[in-house]
Amino acid sequence: QVQLVESGGGLVQAGGSLKLSCAASGRTARSYTMGWFRQAPGKEREFVAAISWGAGSTHYADSVKGRFTISRDNAKNTVYLQMNSLKAEDTGVYYCAADYYVIYDRTDSALYDYWGQGTQVTVSS
């Protein structure tokens, strides 16, 4: 069992930056693939980025590639999402997700078993 708690969301102007954190609890959390997803009002939840348990491999949605960076600190059981050059279309609730079996380059949210409660990111244009 893994519990996930996101933090770091907020209101930022277009072009600005935010760094999200996701703290995982559970003694095996460091063995899980971790992902970030987001959901804008009236839209389906979409994949943003994921990182393998060993942090050696990452995968990004085309819409955020070059602007967002996912990383993890297994000693702290925490995964991060550094978001730069934010755009209005990045607005939404950002969710952290974890799963033991999913491969990091899989983007289907249904493959992840554990989810955080979400943190709101609002980018004003």
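If you're wondering where the values come from, they're calculated on a predicted model, not measured in any experiment. (Residues numbered from 1 in each chain as written. Predicted model: local features only at pLDDT ≥ 70, side-chain atom pairs only at ≥ 80, totals over all residues. Heavy atoms only, no water.)

Here we come to the environment of Ser52. Residue placement: Ser52 occurs in the loop between strand E5 (46–51) and strand E6 (58–60). For Ser52, a relative accessible area of 13% translates into the label buried. Setting aside chain neighbours within four positions, we find Ser52 in contact with Thr33, Ser57, Arg72 and Tyr104. (Helix = DSSP H or I, 4+ residues; strand = E, 2+ residues; numbered from the N terminus. Buried < 20%, exposed > 50% of the residue type's maximum accessible area, 1.4 Å probe, protein only. Contact = heavy atoms within 4.5 Å.)

The next thing to look at is the packing of aromatic side chains. In this description, an aromatic ring pair is defined by two values, namely the gap between the centres and the angle between the planes. Under the definition given, this model contains 8 aromatic pairs. With a centroid separation of 6.4 Å and an interplanar angle of 75 degrees, the aromatic rings of Tyr95 and Trp115 are classed as edge-to-face. Of the two residues, Tyr95 sits in strand E9 (residues 92–99) while Trp115 sits in strand E10 (residues 114–115), which places them 20 residues apart along the sequence. Under the relative-accessibility criterion, Tyr95 is labelled buried at 14%. For the ring pair Tyr112 and Trp115, a centre distance of 6.3 Å and an interplane angle of 65 degrees mean the geometry is edge-to-face. What links up through ring pairs into an aromatic cluster is the set Phe37, Phe47, Tyr95, Tyr112 and Trp115. The ring of Tyr95 has Arg45 lying over it, and the distance from NZ or CZ to the ring centre is 3.9 Å. (Phe/Tyr/Trp six-rings, centres within 6.5 Å; stacked < 30°, edge-to-face > 60°. Lys NZ or Arg CZ within 6 Å of the ring centre and 35° of its normal.)

Read from one edge of the open sheet, 4 strands run E1-E3-E8-E7, paired in antiparallel fashion. Of all the strands in the sheet, just strand E1 (3–7) and strand E7 (68–73) have a single pairing partner and so form its edges. The mean angle between the axes of side-by-side strands here comes to 15 degrees, regardless of whether they run parallel or antiparallel. (Pairing = 2+ DSSP bridges. Axes fitted to C-alpha atoms, helices over the stretch in contact; angles between N-to-C directions.)

Turning our attention to unusual backbone geometry. Unlike most non-glycine residues, Asn77 shows phi in positive territory, near 50 degrees. By the secondary structure assignment, Asn77 is in the loop between E7 and strand E8 (78–83). Residues other than glycine seldom take positive phi values, yet Ser85 does so here, at roughly 50 degrees. Tracing the chain through its elements places Ser85 in the loop between E8 and E9. Judged by relative accessible area, which is 41%, Ser85 ranks as partly exposed.

Before going further, it helps to spend a moment on the pattern of salt bridges. Here the structure, examined in full by the defined rule, presents 4 salt bridges. A salt bridge links Arg38 to Asp90; the nearest nitrogen and oxygen atoms lie 2.9 Å apart. With Arg38 in strand E4 (residues 33–39) and Asp90 in the loop between E8 and E9, this pair connects stretches of sequence that are 52 residues apart. A single burial state applies to Arg38 and to Asp90, both of which are buried. (Salt bridge = Lys/Arg side-chain N within 4 Å of Asp/Glu carboxyl O.)

This part covers the nonpolar core. One broad trend across soluble globular proteins is that nonpolar side chains are buried collectively. Counting residues in each nonpolar core, the largest one holds 35 residues, and the members touching the most others are Leu4, Met34, Trp36, Leu81, Met83 and Tyr94. Of all the secondary-structure elements, those providing two or more residues to this core are strand E3 (18–25), E4, E5, E7, E8, E9 and strand E11 (119–124). Among the elements that take part in this core, E5 stands out by supplying 5 residues, more than any other. In this view, Met83 contacts Gly16, Ser17, Leu18, Leu20, Arg67, Phe68, Tyr94 and Val121; residues no more than four positions away in its chain are not counted. (Core = buried A, V, L, I, M, F, W, Y, C linked by side-chain atoms within 4.5 Å.)

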